[in-house]
There are 2 protein chains.
Amino acid sequence: MSKVYVVGIGPGAKKQMTLEAEEILQSCDLIVGYTVYVDLVRETFPEKQFLTTPMRQEAKRCEMALETAKQGKCVAMVCSGDAGVYGMAGLMFEIGTKFPEVEIEIVPGITAASGGASVLGAPLIHDFAVISLSDLLTPWEKIEKRLRAAAMADFVVCLYNPSSKKRHDYLEKACVCLLEYKREDTVCGIVRNIGRTGESYKILSLEELKYTETDMFTTVFIGNEQTKIVNGRMVTPRGYRDVQ
Amino acid sequence: MSKVYVVGIGPGAKKQMTLEAEEILQSCDLIVGYTVYVDLVRETFPEKQFLTTPMRQEAKRCEMALETAKQGKCVAMVCSGDAGVYGMAGLMFEIGTKFPEVEIEIVPGITAASGGASVLGAPLIHDFAVISLSDLLTPWEKIEKRLRAAAMADFVVCLYNPSSKKRHDYLEKACVCLLEYKREDTVCGIVRNIGRTGESYKILSLEELKYTETDMFTTVFIGNEQTKIVNGRMVTPRGYRDVQ
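No experiment lies behind these values; they were computed from the predicted model shown.

A.B. asks: Which residues make up the relation of the copies chain B and chain A, and what values do they have?
C.D. replies: It takes a turn of 180° to lay chain B on chain A, together with a shift of 0.0 Å along the axis; the resulting RMSD is 0.0 Å. What the superposition gives is, in effect, a two-fold axis relating one chain to the other. Looking at the interface residues of chain B, 100% of them are also at the interface in chain A, so both copies use one shared face.

Given below as structure tokens:
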């Protein structure tokens, strides 16, 4: 049967790719993806055939992958992080209904929440919510509702897409929502370029986070009531009755 | 400097381990962990030295690892899934304050949310909340509050530890909370033994989930308003204004 793999390649560094992802990229006939992600794997698999499409052409990218697989080639579509977390896995299944002869397999990868957490310390040790601040496909009111609900119930919150050129004040607006329920001194962390050249992190308070500049390569973590700084790292305890 | 790695080995199958995790386990002097997780890697690295401790002795396990590293050995503590998601990373930093000469590095892995999602289809494509139903370290009232908040704000919800022998009715109780805000026909999925022998999944409604038996090897996914079944798989669209 013809097959398309949707492969999460992790945050950036090759070493954060799974053995399965590497094996599939090694053995497939064609690697398809958004230019930036394809460039991340091109060095590792220089002899491969690549097909890139610009941003915002996600549906076309899926169709190209499925069309090529239908012709009998083994195709891998690459996504940064996890293909199943704000990735292309969903759209591939939806467009895949037009290609019933092509099997779709999702290959999970390390998402920015996991990758970023390991850089900061251990912020996600207990219940957490993952929220994207991009309002390209979601009304901002819905995003605010989720921020408030997550803060009210004392989730650790991990923010994807905290800002972009057009949305420079979104992180500030998000912090204002979170501050309705979370303390100003809540321990927060930001990580830039996870697993890539120039990786950096900073630990700061929620009040400080509000006035922090971020970009689309930044992932943001806001602690729960119990999150603390341990030896310079951001650490959330396992629960409320934790004893050592 | 002496070093302890806290390594997430992924859900189970060796292929879902990252290249980095494999390299560290290959090169370290000692692998420490809970018996079940150590057994998962013992086959792959048969020549290694292993040290296991039973469940509930997490603090002791961290001390053993840090003590051995202090003596100049390179130690890797293994956790299933991601070391930073309900894993040992946090406790290691906390106990690590007693061992200032030992550096701690977290190596992220594929957590059950990512691994299970890839089996079901693409349920986590948009904002989601991860909640453990274990009340060993968290009061049940807090868990219910988080379930209600996540349901109210239409998050996709991923449940870890949905039940155990002592907590056989916890998933039912959780579904009752979620049903206060989510429709009975909300698309849900359960995955057993992710990446291990006997991996299986089922897609069902929230009403059906309420009466479903699970165990500690099951991960549960509850969709948002938009989650649907596409060609037998559980798929959440990327957002509310999604068009193809």
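A.B. asks: Tell me about empty space enclosed by the protein, and name the residues and values.
C.D. replies: Applying the stated rule across the entire model yields two cavities of 30 Å³ or more. By volume, the largest cavity amounts to about 70 Å³. Around the largest cavity, the lining comprises 13 residues; the ones closest to its centre are A:Thr111, A:Ala113, A:Phe128, B:Thr111 and B:Phe128. Listed by contribution, the elements that provide at least two residues to the lining of the largest cavity are helix 5 (112-120) and strand 7 (128-132) of chain A together with helix 5 (112-120) of chain B. Within the lining of the largest cavity, the residues separate by chemical class into nine nonpolar, four polar and no charged. Empty space within the second largest cavity amounts to approximately 40 Å³. Considering the residues around the second largest cavity, the lining is formed by A:Ser114, A:Ala117, A:Ser118, A:Gly121, A:Ala122, B:Asp82, B:Gly84, B:Val85 and B:Ile106. Residue assignment for the lining of the second largest cavity shows that the elements contributing at least two residues are helix 5 and strand 6 (121-122) of chain A. By residue number, the principal contributor to the lining of the second largest cavity is helix 5 of chain A, which donates three residues. Among the residues forming the lining of the second largest cavity, the class breakdown is four nonpolar, four polar and one charged.

A.B. asks: Describe the environment of A:Val78, with residues and values.
C.D. replies: Residues and elements named next belong to chain A. Tracing the backbone shows Val78 in strand 4 (residues 74-79). A residue is classified by how much of its surface remains accessible, and Val78, at 1% relative accessible area, is buried. Sequence spacing of Val78 and Val107 is 29 residues, and the spatial spacing of their C-alpha atoms is 9.6 Å. Filtering out sequence-adjacent residues up to four positions away, Val78 remains in contact with Val7, Ile9, Leu25, Ile31, Val32, Gly33, Tyr37 and Val38.

A.B. asks: Tell me what's going on with the sheet that holds strand 9 (residues 187-192) of chain B, and back it up with residues and numbers.
C.D. replies: Spatially, 10(A)-9(A)-11(A)-8(A)-7(A)-7(B)-8(B)-11(B)-9(B)-10(B) is the arrangement adopted by the 10 strands of the open sheet, whose pairing is mixed. The outermost strands of the open sheet, each flanked by one partner alone, are strand 10 (200-205) of chain A together with strand 10 (200-205) of chain B. Taking each pair of neighbouring strands and ignoring which way they run, the sheet shows an average axis angle of 15°. Here strand 9 of chain B runs beside strand 11 (residues 218-222) of chain B; their pairing, made up of five bridges, is antiparallel. The residue bridging B:Cys188 from the neighbouring strand is B:Ile222, located in strand 11 of chain B.

A.B. asks: Kindly report on the interface of chain B and chain A, identifying the contributing residues and their values.
C.D. replies: Buried accessible area, meaning the area lost when the parts come together, often serves as the stated size of an interface. On the side of chain A, 69 residues touch chain B, which itself brings 69 residues to the contact. The contact between chain B and chain A buries some 6,400 Å² in all, and 60% of this surface belongs to carbon and sulfur atoms. In this structure, the connection of chain B to chain A is made through 13 salt bridges. The partner of B:Lys228 in a salt bridge is A:Glu94, with the nearest N and O atoms 2.9 Å apart. Between chain B and chain A we count 34 residue pairs in polar contact (both at pLDDT 80 or more) in total. A breakdown of the residues in the side of chain B that touches chain A according to their chemical character gives 32 nonpolar, 18 polar and 19 charged. The pairing of strand 7 of chain A with strand 7 (residues 128-132) of chain B spans three bridges and is antiparallel. Along strand 7 of chain B, the bridge assignment pairs A:Val130 with B:Phe128.

A.B. asks: Describe in detail the pattern of salt bridges, supporting the description with residues and values.
C.D. replies: Inspection of every chain in the model, using the stated rule, returns 31 salt bridges over all chains. Ionic pairing is found between A:Asp127 and B:Arg146, a salt bridge with its closest N-O pair at 3.0 Å. Here B:Arg146 lies in helix 6 (residues 140-152) and A:Asp127 lies in the loop between strand 6 and strand 7, a pairing that spans two chains. The pair formed by A:Asp127 and B:Arg146 is uniform in burial state, with each residue classed as buried. The residue B:Asp154 makes a salt bridge to A:Lys142 at a minimum N-O spacing of 3.0 Å. Of this pair, B:Asp154 sits in the loop between helix 6 and strand 8 (156-160) while A:Lys142 sits in helix 6 (residues 140-152), which puts the two residues in different chains. Residue B:Asp154 is classed as buried on the basis of its relative accessible area, which comes to 5%. On the accessibility criterion, A:Lys142 (17% relative accessible area) is buried.

Calculation criteria
- Residues numbered from 1 in each chain as written.
- Chains lettered and ligands numbered in written order.
- Predicted model: local features only at pLDDT ≥ 70, side-chain atom pairs only at ≥ 80, totals over all residues.
- Heavy atoms only, no water.
- Least-squares fit on C-alpha atoms with pLDDT ≥ 70 in both.
- Contact = heavy atoms within 4.5 Å.
- 1 Å grid on protein atoms, 1.4 Å probe; cavity = no way out; pocket = protein on both sides within 12 Å on 5 of 7 lines; lining within 4 Å.
- Points joined across faces, edges and corners; volume = space filled by probe spheres on them.
- Helix = DSSP H or I, 4+ residues; strand = E, 2+ residues; numbered from the N terminus.
- Nonpolar A, V, L, I, M, F, W, Y, C, P; charged D, E, K, R; others polar.
- Buried < 20%, exposed > 50% of the residue type's maximum accessible area, 1.4 Å probe, protein only.
- Pairing = 2+ DSSP bridges.
- Axes fitted to C-alpha atoms, helices over the stretch in contact; angles between N-to-C directions.
- Buried area = accessible area lost by both parts, 1.4 Å probe.
- Salt bridge = Lys/Arg side-chain N within 4 Å of Asp/Glu carboxyl O.
- Polar contact = N/O pair within 3.5 Å; in protein donor to acceptor, adjacent residues only side chain to side chain.

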